[in-house]
Amino acid sequence: MDLQRNDFSNWLKQIKDFNDSFRRNSIPRIVITDASSSVTRSLIYRLIYDEVFGINQEVIINLYESSDKSTFLNSLIIEITACAPHNLKEISVSHDVSKVFKNADVIFSIGRARGYDFSKKEIISHDPFFEETVRTAKIHAEAIDRFAKKDVKVITIGNTEASIIHKYAKSIPVENITSLALIFSRIAAAQVCLKLQRPCDEIKNIIPWGFVGSRFYPDFKFATFKDGTPVMAETKKAWLKNELPQIIRQAIRDSRYTNGVSYALADHCKNLLRGTFNEEWTVMGVFSDGSYGVPAGMFFTFPVQCKNGTYEIVKDLPIDEFYIKRQIKHLAELIHIEVKAAFSICHEIPNLVTSC
């Protein structure tokens with residue numbers, strides 16, 4: 001009990017140090033792209049009401065949207081301003097990247113992502129929606145490179161978007177770019193708890209390996225309930241291995257999970273900036289260092305621990321099952337295919353952010 005109390009005290013001190021650091025460095029400037037999307041609207045409220053950036057910490061939120069849509073968002077600004085708590089210092093929307101991205105501390109690159117469900121044989125680069133997603137990510141990357149702070153934290157929805165931003169925002173350290181994965185561990189947890197009729201916040205340490213399109217592999221080997229019971233002790237392994245991934249993929253294709261994505265983005269940011277508690281981990285798409293057989297130099301979902309705005313991949317977990325290793329390899333291959341297709345499109349597009 002004393003050890004747990006000390007761990008909790010250390011975590012609270014870590015949060016206090018984080019709050020003090022943010023205040024010393026003035027008011028953080030937060031950028032959210034694709035301001036007209038429902039994900040962005042929901043995310044704004046989550047950020048300002050959930051004290052993601054610290055207790056009573058004021059924030060400035062700049063919203064980015066294309067010129068044909070930004071003029072219709074004044075009502076959104078009025079709505080948020082009218083309902084916002086005291087910690088919203090300022091909010092604005094613009095299509096001018098030189099204004100929106102200037103001196104940004106944290107950027108949520110929402111993009112126009114959707115769930116792709118392709119095989120190795122398919123050529124996704126012929127999909128016009130995929131081309132638009134890539135084009136949008138390249139605009140964000142060039143704006144980040146030119147106007148954001150060089151220590152900015154960039155959070156994307158997909159590993160391909162993270163790869164594009166890394167390629168075209170060379171001035172930003174790759175460790176400052178992460179992609180969302182928490183939503184998928186939560187979806188997996190919800191499906192298991194629905195089957196077992198248990199509260200879905202009782203499960204921790206699910207690893208949604210990979211993530212590309214609507215594909216990832218939910219690994220429950222290290223997952224436990226709050227009482228310490230292993231999830232696999234109460235659930236049939238065959239169901240977790242064979243049926244659950246199919247159920248999750250179908251659920252992702254059928255729903256957009258607007259609020260779920262927004263909540264997960266906010267919690268991803270909070271975990272990254274304020275740290276994970278004790279020895280617990282969270283999950284993020286990060287730049288691979290070769291761990292768990294994932295080729296180095298690509299974005300892939302890993303279990304990570306966070307502290308003071310940085311992360312470390314959780315090392316040396318015993319991944320000895322051949323099936324899981326095969327899934328990780330397969331997902332890495334799919335990510336490589338999608339990123340290669342995205343880079344091919346980017347190469348054909350001239351620089352999209354002209355001199356401002």
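Above this text you will find the structure in question.
Remember, it's a predicted structure, so these values are computed and weren't measured experimentally.

**Q** Before we go on, may I ask you to explain the overall build of the protein chain in this structure?
**A** Check the secondary structure of the protein chain and you find twelve helices and 13 strands. Counting every position in the protein chain, which comprises 356 residues, the buried fraction comes to 54%. Put simply, of all contacts in the protein chain between residues at least 6 apart along the chain, 73% involve residues at least 24 apart. Accessible surface computed for the protein chain: about 16600 Å², of which carbon and sulfur atoms make up 52%.

**Q** When you look at helix 4 (residues 74–83) in this model, what are you seeing that I'm missing?
**A** Taken residue by residue, helix 4 has Leu-76, Ile-77 and Ile-80 as its buried positions. Buried residues in helix 4, looked at end-on, bunch into an arc of 100 degrees, giving them a common side. In this structure, helix 4 carries Ser-75, Ile-78 and Ala-82 as exposed residues pointing more than 90 degrees from its buried face. Where the residues of helix 4 are buried, they touch helix 2 (38–49), strand 2 (59–64) and strand 3 (88–94).

**Q** Before we go on, may I ask you to explain the environment of Leu-331 in this structure?
**A** Mapped onto the elements, Leu-331 comes out in helix 12 (residues 322–348). Classification of Leu-331 as buried rests on a relative accessible area of 2%. Residues contacting Leu-331, with those up to four places away along its chain left out, are Trp-209, Gly-210, Val-212, Arg-215, Phe-216, Tyr-217 and Phe-300.

**Q** Looking at this model, I keep getting lost on the nonpolar core. Mind explaining?
**A** General note: in soluble globular proteins, nonpolar side chains tend to be found buried as a group. The biggest cluster of nonpolar side chains holds 55 residues, and the ones touching the most others in it are Ile-61, Leu-63 and Phe-108. It is helix 8 (residues 182–196) that contributes the most residues to this core, eight residues altogether. Judged by nonpolar contacts, the second largest core, of 32 residues, contains Phe-101, Ala-143, Ala-342 and Cys-346.

**Q** Explain helix 8 to me, please; I cannot follow it from the model alone.
**A** Helical periodicity: at 3.6 residues per turn, an α-helix aligns residues three or four positions apart in one direction. Along its 15 residues, helix 8 runs 21 Å from first to last C-alpha, staying within 8% of the 21 Å computed at 1.5 Å per residue. Buried residues of helix 8: Leu-182, Ile-183, Phe-184, Ser-185, Ile-187, Ala-188, Ala-189, Gln-191, Val-192 and Cys-193, and no others. One or two residues past the end of helix 8 sits Gln-197, with phi positive at roughly 60 degrees.

**Q** Would you mind showing me how to read the pattern of salt bridges here?
**A** Pairing of side chains with opposite charge becomes possible as their charged atoms draw close. Counted according to the given criterion, the structure contains twelve salt bridges. Among the salt bridges present, the one from Glu-79 reaches Arg-41, with a minimum N-O distance of 2.8 Å. A residue pair is termed long-range when its members are at least 10 positions apart, and Glu-79 in helix 4 and Arg-41 in helix 2 qualify at 38 residues. Exposure remark for Arg-41: the relative accessible area of 34% places this residue in the partly exposed category. Its salt-bridge partner being Arg-198, residue Asp-227 comes within 3.7 Å of it at the nearest N-O pair. Taken together, the residues Asp-227 in the loop between strand 10 (224–225) and helix 9 (231–234) and Arg-198 in the loop between helix 8 and strand 7 (203–204) connect sequence positions 29 residues apart.

**Q** What am I meant to see in the pairing of strand 6 (residues 177–180) here?
**A** Strand residues, when the strand is regular, have side chains that alternate between the two faces of the sheet. With three bridges joining them, strand 5 (residues 153–156) and strand 6 adopt parallel strand pairing. Bridged to Thr-156 within strand 6 is Ser-179. Traced from strand 5 through helix 7 (residues 159–168) to strand 6, the parallel crossover comes out right-handed. Here strand 6 runs beside strand 11 (residues 282–287); their pairing, made up of two bridges, is antiparallel. Among the inter-strand pairings, Leu-180 is bridged to a residue of strand 11, identified as Met-284.

**Q** Quick question: what am I supposed to make of unusual backbone geometry here?
**A** Note: most residues except glycine have negative phi, and most peptide bonds are trans. Look at Asp-34: it is not a glycine, yet its phi comes out positive at around 55 degrees. One can find Asp-34 in the loop between strand 1 (29–32) and helix 2. Residue classification places Asp-34 among the buried positions, given a relative accessible area of 5%.

**Q** Could you clarify how one ought to interpret the packing of helix 8 against helix 11 (residues 258–274) in this entry?
**A** Angle between the axes and distance between the axes are the two parameters that describe a pair of packed helices. Close contact between helix 8 and helix 11 brings their axes to 8 Å; oriented N to C, the two are set at 120 degrees. By the criterion of interaxial angle, the relationship of helix 8 to helix 11 is oblique. In this structure, the crossing between helix 8 and helix 11 has a hand that is right-handed. Seen from helix 8, the contacting residues are Leu-182, Ile-183 and Arg-186; seen from helix 11, they are Gly-260, Val-261, Tyr-263, Ala-264, Asp-267, His-268 and Asn-271. For the contact of helix 8 with helix 11, the per-class residue count stands at five nonpolar, three polar and two charged.

Cut-off values and rules
Residues numbered from 1 in each chain as written. Predicted model: local features only at pLDDT ≥ 70, side-chain atom pairs only at ≥ 80, totals over all residues. Heavy atoms only, no water. Helix = DSSP H or I, 4+ residues; strand = E, 2+ residues; numbered from the N terminus. Buried < 20%, exposed > 50% of the residue type's maximum accessible area, 1.4 Å probe, protein only. Contact = heavy atoms within 4.5 Å. Areas by Shrake-Rupley, 256 points an atom, 1.4 Å probe, with all protein chains shown as cover. Arc of directions from axis to C-beta. Core = buried A, V, L, I, M, F, W, Y, C linked by side-chain atoms within 4.5 Å. Expected span 1.5 Å × (residues − 1). Salt bridge = Lys/Arg side-chain N within 4 Å of Asp/Glu carboxyl O. Pairing = 2+ DSSP bridges. Right-handed = clockwise from strand over helix to strand, strands pointing away. Axes fitted to C-alpha atoms, helices over the stretch in contact; angles between N-to-C directions. Parallel < 35°, antiparallel > 145°, perpendicular 65-115°, else oblique. Left-handed = near helix turned anticlockwise from the far one by under 90°. Nonpolar A, V, L, I, M, F, W, Y, C, P; charged D, E, K, R; others polar.

Purely spatial values, then, with no claim about function.
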